[in-house]
Amino acid sequence: MTASVPAIRREGGVTKRLMLAAGGSHPGLADAVAARLGTTIAPRTAHAFANGEVFVRFGTSVRGSDVFVLQTPTDPINTWLLESLIMLDALKRASAKRITVIWPFYPYGRQDKKHRGREPISARLVADLLATAGADRLMTVDLHTAQIQGFFDGPVDHLRAQPLLARHVRAAHPDADLTVVAPDSGRVRLAETWAELLGGRPIAFVQHRDSLQHGRGTEIVGDVRGRVCVVVDDMIDTGATMAGASRLLREHGAARVIAAATHGILSADAPHRLAGSGVGEVVITDTVPLPPGKRFPGLTVLSVAPMLADAIQEVFDDGSVTELFDVRGM
Ligand code: R5P
């Protein structure tokens, strides 16, 4: 790895130093962000002890720096989560001036409330861990629910990838009769935003989503016959939701189904499940790394690197991230 080239800005006698640090989870994204910023990634050594304990040491001074720590805690999620915390601790103890965690995918976001007694609120716990480890700010993309922002007691830059995804769908299907479909009633607001981004389209939603896997008891609210249906969600994990929605939509006469989600986790046999479900296209972003073995025909991966880099620059320059990426009401 080449030596770090911190971006330096001098203003009124004050010198600011931007430093980009990256965990080991998603080197491709980190390199793309660094290239766009015109900097390099802070050198570090990292290894695991024989018993699995994680060790990280930065190879350059971080004293007084405005440090941005990029990491995607997925697969293995707990390892990368812990590595993030350990990097923060190292940076804090080495006198970094301000530390912004960039988690393009926020882990444990689905556990944002207690559905029943004796359950954790793990999304909150994770936010507390970040703060304890030394994070001053958090930057993330398409949280599972927007209110998770309130779990972190500091500034949160909640970036949106939907405009990027929607631009792609719009360009790929300029003349299609598109209908935006939410996989459950809870995602209707998201579908409405997508409908707007696609230039004013009708929406539909799946009722009784929990039965999607079995294909029983589910209904579509809205007219999808003959339409090109864009099913929108925040993430695709096992692919069961998208595959089930696709089958249901086709049973209801949809001409084609496009699955669009920000986070392509694609756990286990998700690629196989999606490929066999009649979904015509799957559009995701690279918030989560995707090994070559998980790619399949009909999959498009769009990069969030330019968006992250521009947001980092804005934060460093004390500019406005909202002005850049606001999607009202989402
Ligand atoms: C659920 O609340 C999420 O928004 C996604 O719909 C879900 O995580 C997708 O998971 P899977 O791909 O396993 O159906």
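Residues numbered from 1 in each chain as written. Predicted model: local features only at pLDDT ≥ 70, side-chain atom pairs only at ≥ 80, totals over all residues. Heavy atoms only, no water.

(A) Local environment of the site of the ligand. In the region of the ligand, 13 residues are neighbours, and Arg209, Asp233, Asp234, Thr238 and Thr241 sit closest. Aspartate 237 places a polar main-chain atom, nitrogen or oxygen, 2.8 Å from an oxygen atom of the ligand. In this structure, an oxygen atom belonging to the ligand sits 2.8 Å away from a main-chain N or O atom of glycine 239. The protein chains hide 86% of the 380 Å² of surface that the ligand would expose on its own. When contributions to the shell around the ligand are tallied by element, the ones reaching two or more residues are strand E12 (228-236) and helix H6 (240-251). The biggest single contributor to the shell around the ligand is E12, with four residues. Considered class by class, the residues forming the shell around the ligand number three nonpolar, four polar and six charged. (Near = heavy atom within 4 Å. Polar contact = N/O pair within 3.5 Å; in protein donor to acceptor, adjacent residues only side chain to side chain. Areas by Shrake-Rupley, 256 points an atom, 1.4 Å probe, with all protein chains shown as cover. Helix = DSSP H or I, 4+ residues; strand = E, 2+ residues; numbered from the N terminus. Nonpolar A, V, L, I, M, F, W, Y, C, P; charged D, E, K, R; others polar.)

(B) The pattern of salt bridges, seen in detail. The tally for this structure, following the rule as stated, stands at 15 salt bridges. One salt bridge connects lysine 113 with aspartate 112, and the closest N-O pair in it is separated by 3.5 Å. Residue aspartate 112 is classed as buried on the basis of its relative accessible area, which comes to 9%. Notably, a salt bridge pairs glutamate 192 with arginine 189, separated by 3.2 Å at the nearest N-O pair. Pair noted here: glutamate 192 and arginine 189 are both in helix H5 (residues 188-197), with a separation of three residues, about one helical turn. Here arginine 189 falls in the partly exposed class, since its relative accessible area comes to 38%. In this structure, a network of salt bridges that share partners links the residues Arg187, Asp233 and Asp234. (Salt bridge = Lys/Arg side-chain N within 4 Å of Asp/Glu carboxyl O. Buried < 20%, exposed > 50% of the residue type's maximum accessible area, 1.4 Å probe, protein only.)

(C) Quick look at the packing of helix H2 (residues 77-93) against helix H3 (residues 122-133). Taken N-terminus to C-terminus, the directions of H2 and H3 make an angle of 25°; their axes are 8 Å apart at the nearest point. As far as their axial angle goes, H3 and H2 are roughly parallel. Contacts between H2 and H3 pair Leu81, Leu85, Leu88, Asp89 and Lys92 from the former with Val126, Leu129, Leu130, Thr132 and Ala133 from the latter. Tallied by class, the residues present in the contact of H2 with H3 amount to seven nonpolar, one polar and two charged. (Axes fitted to C-alpha atoms, helices over the stretch in contact; angles between N-to-C directions. Parallel < 35°, antiparallel > 145°, perpendicular 65-115°, else oblique. Contact = heavy atoms within 4.5 Å.)

(D) The confidence of the model for the protein chain, seen in detail. Summarising the model, the protein chain shows a mean pLDDT of 93, and 93% of its residues fall at 70 or more. Segment residues 1-5: pLDDT under 50, and 14 contacts once partners within four positions in sequence are set aside and those in other chains are kept. (pLDDT = per-residue confidence, 0-100.)

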